[in-house]
Amino acid sequence: MFVRDELERIGLHAVSVEIGEITMDQEFTVSQFDRLCLILQQAGIELFENKKEILVQKIKNIIMDVVYRHDDPLIHNLSTHLVEKLQHDYTYMSNLFSEKQQITIEKFYICHKIERVKELMVYSKLSLTDIAHKMHYSSLAHLSSQFKKVTGLTPSQFKQQHTENDPPPDIAGEQGQ
């Protein structure tokens, strides 16, 4: 809504505004484009002009959606999911992503899954087994192995370090008084 409103404010009509893509029914003038870029930048929204950058951002958005918003497991593997969603050859997307991000799609996906696991370990009351199930790991051992590979710690070591660094809630409340 924000982007659509700002476009109309500078005299432009968008045919559609989706995450990562604006379709216009007219051309921008240089001043309109510069003004839009400034408004979006001030709002913390990054504008991509290059189709390759747009595709990389769409890949990242889909991965983040899978990791943070999907409770159901993917019907297919991640590569097939990306191909279905974006209608591009996976090898092309993979090579482009690696070139632009300096990390493979798979490593990006795994790193974000582990970040989500860490969040769940710290901020939820779920057991590690429940987290492994929620994050669609085939087993607790697979999650633990991947966790150690990414963080250098076992899940138990991470949890122990986190609880050692945070005072218990009743002590934290007394310290503030």
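Residues numbered from 1 in each chain as written. Predicted model: local features only at pLDDT ≥ 70, side-chain atom pairs only at ≥ 80, totals over all residues. Heavy atoms only, no water.

**Let's talk about the overall build of the protein chain**
Here comes step 1: Within the protein chain one finds 10 helices and two strands.
Here comes step 2: Seen in sequence order, the protein chain has helices and strands lined up from the N terminus as α-β-β-α-α-α-α-α-α-α-α-α.
Here comes step 3: Relative to its 177 residues, the protein chain shows a buried fraction of 28%.
Here comes step 4: Considering only contacts in the protein chain between residues 6 or more positions apart, those separated by 24 or more positions represent 46%. (Helix = DSSP H or I, 4+ residues; strand = E, 2+ residues; numbered from the N terminus. Buried < 20%, exposed > 50% of the residue type's maximum accessible area, 1.4 Å probe, protein only. Contact = heavy atoms within 4.5 Å.)

**Considering the packing of helix H3 (residues 51-68) against helix H6 (residues 105-123)**
Here comes step 1: Axis separation between H3 and H6 bottoms out at 10 Å; the angle between their running directions is 35 degrees. Between H3 and H6 lies a crossing of right-handed hand. Taken together, the residues of H6 that come into contact with H3 (itself represented by Ile59, Lys60, Ile63, Met64, Val66, Val67 and Tyr68) are Ile105, Phe108, Tyr109, His112, Lys113, Glu115, Arg116 and Glu119. (Axes fitted to C-alpha atoms, helices over the stretch in contact; angles between N-to-C directions. Left-handed = near helix turned anticlockwise from the far one by under 90°.)

**Some details on the pattern of salt bridges**
Here comes step 1: Following the criterion strictly, the structure yields three salt bridges and no others.
Here comes step 2: In this structure, the salt-bridge partner of Arg69 is Asp65, at a minimum N-O distance of 3.6 Å.
Here comes step 3: Of the charged contacts in the structure, one is a salt bridge between Glu119 and Arg116, with a shortest N-O distance of 3.3 Å. On the criterion of helical spacing, the pair formed by Glu119 and Arg116 is a turn pair, its members being three residues apart in helix H6.
Here comes step 4: For Arg116, a relative accessible area of 17% gives the class buried. (Salt bridge = Lys/Arg side-chain N within 4 Å of Asp/Glu carboxyl O.)

**What to know about helix H2 (residues 30-42)**
Along an α-helix, a turn takes 3.6 residues, which lines up residues three or four apart on a common side.
Here comes step 1: Over its 13 residues, H2 runs 18 Å from end to end, which matches the ideal 18 Å to within 8%, given 1.5 Å per residue.
Here comes step 2: Within the sequence span of H2, burial applies to Gln32, Leu36, Ile39 and Leu40. Along the axis of H2, the buried residues cluster in a sector spanning 95 degrees; they form a single face. Opposite its buried face, H2 presents the exposed residues Val30, Ser31, Gln41 and Gln42, each directed more than 90 degrees away.
Here comes step 3: Tucked inside the fold, the buried residues of H2 contact helix H1 (2-9).
Here comes step 4: Residue Gly44 follows H2 closely and has a positive phi angle near 80 degrees. (Expected span 1.5 Å × (residues − 1). Arc of directions from axis to C-beta.)

**Some points on H6**
Here comes step 1: The terminal C-alpha atoms of H6 lie 27 Å apart, and with 19 residues this matches the ideal 27 Å at 1.5 Å per residue to within 8%.
Here comes step 2: Inspection of H6 places Ile105, Phe108, Tyr109, Ile110, His112, Lys113, Ile114, Arg116, Val117, Lys118, Leu120 and Met121 among the buried residues, and these make up the whole buried set.

**Overview of the packing of H1 against H2**
Here comes step 1: It is the contact of H1 with H2, at a shortest axis distance of 10 Å, that shows an interaxial angle of 145 degrees. For the element pair H1 and H2, the recorded crossing hand is right-handed. Touching Phe2, Val3, Glu6 and Leu7 of H1 are Leu36, Ile39 and Leu40, all from H2.
Here comes step 2: A breakdown of the residues in the contact of H1 with H2 according to their chemical character gives six nonpolar, no polar and one charged. (Nonpolar A, V, L, I, M, F, W, Y, C, P; charged D, E, K, R; others polar.)

**A few points about the packing of aromatic side chains**
Here comes step 1: The tally for this structure, following the rule as stated, stands at two aromatic pairs.
Here comes step 2: Over the face of the ring belonging to Tyr137 we find Lys113, whose NZ or CZ atom lies 4.0 Å from the ring centre. (Phe/Tyr/Trp six-rings, centres within 6.5 Å; stacked < 30°, edge-to-face > 60°. Lys NZ or Arg CZ within 6 Å of the ring centre and 35° of its normal.)

**Considerations on the confidence of the model for the protein chain**
Here comes step 1: Looking at the protein chain as a whole, its pLDDT mean stands at 84, while 89% of the residues score no less than 70.
Here comes step 2: Confidence, expressed as mean pLDDT per element, reaches its minimum in the protein chain at helix H10 (residues 169-175) with 44 and its maximum at helix H8 (residues 140-151) with 95. (pLDDT = per-residue confidence, 0-100.)

**Some words on the nonpolar core**
Here comes step 1: With 29 residues, the main nonpolar core has Ile59, Ile63, Leu82 and Val117 as its most contacted residues.
Here comes step 2: Per element, the largest residue contribution to this core is eight residues, and it comes from H6.
Here comes step 3: Setting aside anything within four residues of it in sequence, one finds Ile63 in contact with Leu78, Ile105, Phe108 and Tyr109.
Here comes step 4: Of all hydrophobic cores here, the second largest spans nine residues; its members include Val3, Ala14, Leu36 and Leu40. (Core = buried A, V, L, I, M, F, W, Y, C linked by side-chain atoms within 4.5 Å.)

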